[in-house]
Amino acid sequence: MDKDVIKRKKKQKSGIIAGLIFILIATLLLFYNERRAVDTEKVISIAKKELIEVSSSTIDQNNDGKLIVTSGQINLLNDMVYDSEFNVSMKTGKLTRVVEMYQWIENCEDDSNGTEVCTYTKKWSSKIINDNGFETGYNNPDTMPYESKTFIMDNVKLGAFRLNYNLLHQLSTKAKYKDLSETVANSKNLNIKDGAYTTYKETPEIGDIRISFLYNDAKDITIMGVQRADSFEEFKTDKHDYTILALEEKILNGNEFTEILSSQNKTMTWIFRLVGTIFMIVGVASVLSIIKYLSSFIPFLGKFAMNAVGLISILVGLSLSLVIIAISWFAVRPVLSIILLIIIGGLIYLSVMINKKKNKTKEPTEQVQSVQPITTEEPNQVQDETK
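Thresholds applied
Residues numbered from 1 in each chain as written. Predicted model: local features only at pLDDT ≥ 70, side-chain atom pairs only at ≥ 80, totals over all residues. Heavy atoms only, no water. Helix = DSSP H or I, 4+ residues; strand = E, 2+ residues; numbered from the N terminus. Buried < 20%, exposed > 50% of the residue type's maximum accessible area, 1.4 Å probe, protein only. 1 Å grid on protein atoms, 1.4 Å probe; cavity = no way out; pocket = protein on both sides within 12 Å on 5 of 7 lines; lining within 4 Å. Points joined across faces, edges and corners; volume = space filled by probe spheres on them. Nonpolar A, V, L, I, M, F, W, Y, C, P; charged D, E, K, R; others polar. Salt bridge = Lys/Arg side-chain N within 4 Å of Asp/Glu carboxyl O.

Trainee: Which parts of the structure should I look at to understand unusual backbone geometry?
Mentor: Only a minority of non-glycine residues have a phi that is not negative, and only a minority of peptide bonds are not trans. Even without being a glycine, Asn189 presents a positive backbone phi close to 60°. Checked against the element boundaries, Asn189 lands in the loop between helix 3 (182-187) and strand 11 (191-193). A relative accessible area of 68% means that Asn189 is categorised as exposed. The phi angle at Asp194 is positive, at roughly 55°, despite the residue not being glycine. Relative to the helices and strands, Asp194 is located in the loop between strand 11 and strand 12 (196-198).

Here's what the structure looks like:
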């Protein structure tokens with residue numbers, strides 16, 4: 001047997017197995033997502049009822065153990081946060097060292113004959129890209145000389161309240177630190193380019209490194225969590241997994257904060273739905289790739305099979321995702337599911353009735369049109385006979 005055929009058979013088997021795994025992951029992800037979304041919204045609803053707005057300037061011990069929201073200016077009590085390895089120091093609540101390597105990435109697609117064709121491009125990545133299976137000549141290094149790190153100031157307050165590590169970790173790092181040292185660069189055989197330490201001077205090559213630093217520059221913050229002594233802990237309920245200990249980098253009241261949490265939940269729900277649906281479509285396409293494999297032996301069917309499998313995969317994957325979401329709703333939203341089914345059933349019934357009425361109104365006109373030619377021909381026949 002041809003080696004190419006054997007290779008394609010092995011690839012086909014692994015593709016079907018991978019497809020089934022993708023379908024399983026998509027199913028679990030979609031089920032989990034609907035449960036998570038409802039669970040989160042219920043906790044937020046409970047939080048709205050129990051939430052107390054307090055001043056950050058003083059601590060009221062009567063609120064200990066209660067869910068509070070408080071806001072004000074962030075107070076950095078330590079002098080600096082240090083990255084001693086690169087001699088970077090900043091007065092900030094959070095400093096991040098970002099190490100990236102220039103690497104190959106692979107993108108593979110099937111051509112019109114069902115043969116896999118791979119292309120390679122270069123990109124910066126903070127993680128090592130595994131080049132196992134890449135074509136010869138497209139190799140990435142196995143390690144990086146430096147690693148990304150996050151540095152947290154351990155003495156930060158909001159008024160009289162102390163921020164713990166979980167809250168400080170939520171601080172964003174969007175501002176870029178640019179005061180890099182030529183002395184440090186020379187000692188490590190690095191260059192300074194575009195606000196980063198680099199191993200290249202002008203154009204990067206595969207394996208080159210760039211090191212940049214980002215920090216938090218927030219002035220005002222708002223925190224929601226359970227007051228515990230002079231700090232905060234997570235808000236929990238007995239029946240739900242979702243917890244609340246959140247920080248936003250602006251001044252908010254309780255209603256505004258809970259609206260943000262609800263909006264984030266909705267956004268996350270749709271992201272999970274989209275990812276789950278994509279996984280499902282990819283899984284179905286991998287399982288149905290057997291059709292492309294078989295059609296590749298019949299040249300004129302190759303392109304048609306590819307298009308057909310692609311369309312069928314999208315339709316089947318989307319349908320399966322919707323069915324799984326609907327079933328999930330029965331588990332976590334039974335009342336809403338029944339209401340939706342009644343609405344859908346009503347819409348289907350209404351559309352059927354409208355179509356019936358349209359058909360009834362069309363029938364008489366069709367009969368009249370069919371009779372008209374006969375009535376117009378009779379006078380001509382009489383005239384002919386008289387002649």
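Next comes the rest of the write-up.
Trainee: Whenever I open this one, the layout of surface pockets confuses me. Can you help?
Mentor: Where empty space is left in the structure can be found by rolling a water-sized probe over the atoms. Here the second largest pocket defines a volume of roughly 240 Å³. Of all the elements in the fold, those that place two or more residues in the lining of the second largest pocket are helix 1 (3-50) and helix 4 (254-287). Ranked by residues supplied to the lining of the second largest pocket, first place goes to helix 1 with five residues. Taken together, the residues that form the lining of the second largest pocket break down as four nonpolar, three polar and four charged.

Trainee: I keep staring at the pattern of salt bridges and nothing clicks. Help me out?
Mentor: Side chains that carry opposite charge are capable of pairing whenever their charged atoms lie near each other. Scanning the entire structure with this criterion turns up 10 salt bridges. Glu100 is paired through a salt bridge with Arg210; the nearest N and O atoms lie 2.8 Å apart. Taken as a pair, Glu100 in strand 5 (residues 94-110) and Arg210 in strand 13 (residues 209-215) lie far apart in primary sequence, 110 residues in all. Judged by its relative accessible area of 26%, Arg210 falls in the partly exposed class. The residue Arg228 makes a salt bridge to Glu233 at a minimum N-O spacing of 2.8 Å. The partly exposed category is assigned to Arg228, whose relative accessible area is 37%. For Glu233, a relative accessible area of 31% puts it in the partly exposed group. It is possible to trace a salt-bridge network through shared partners that takes in Asp64, Arg228 and Glu233.

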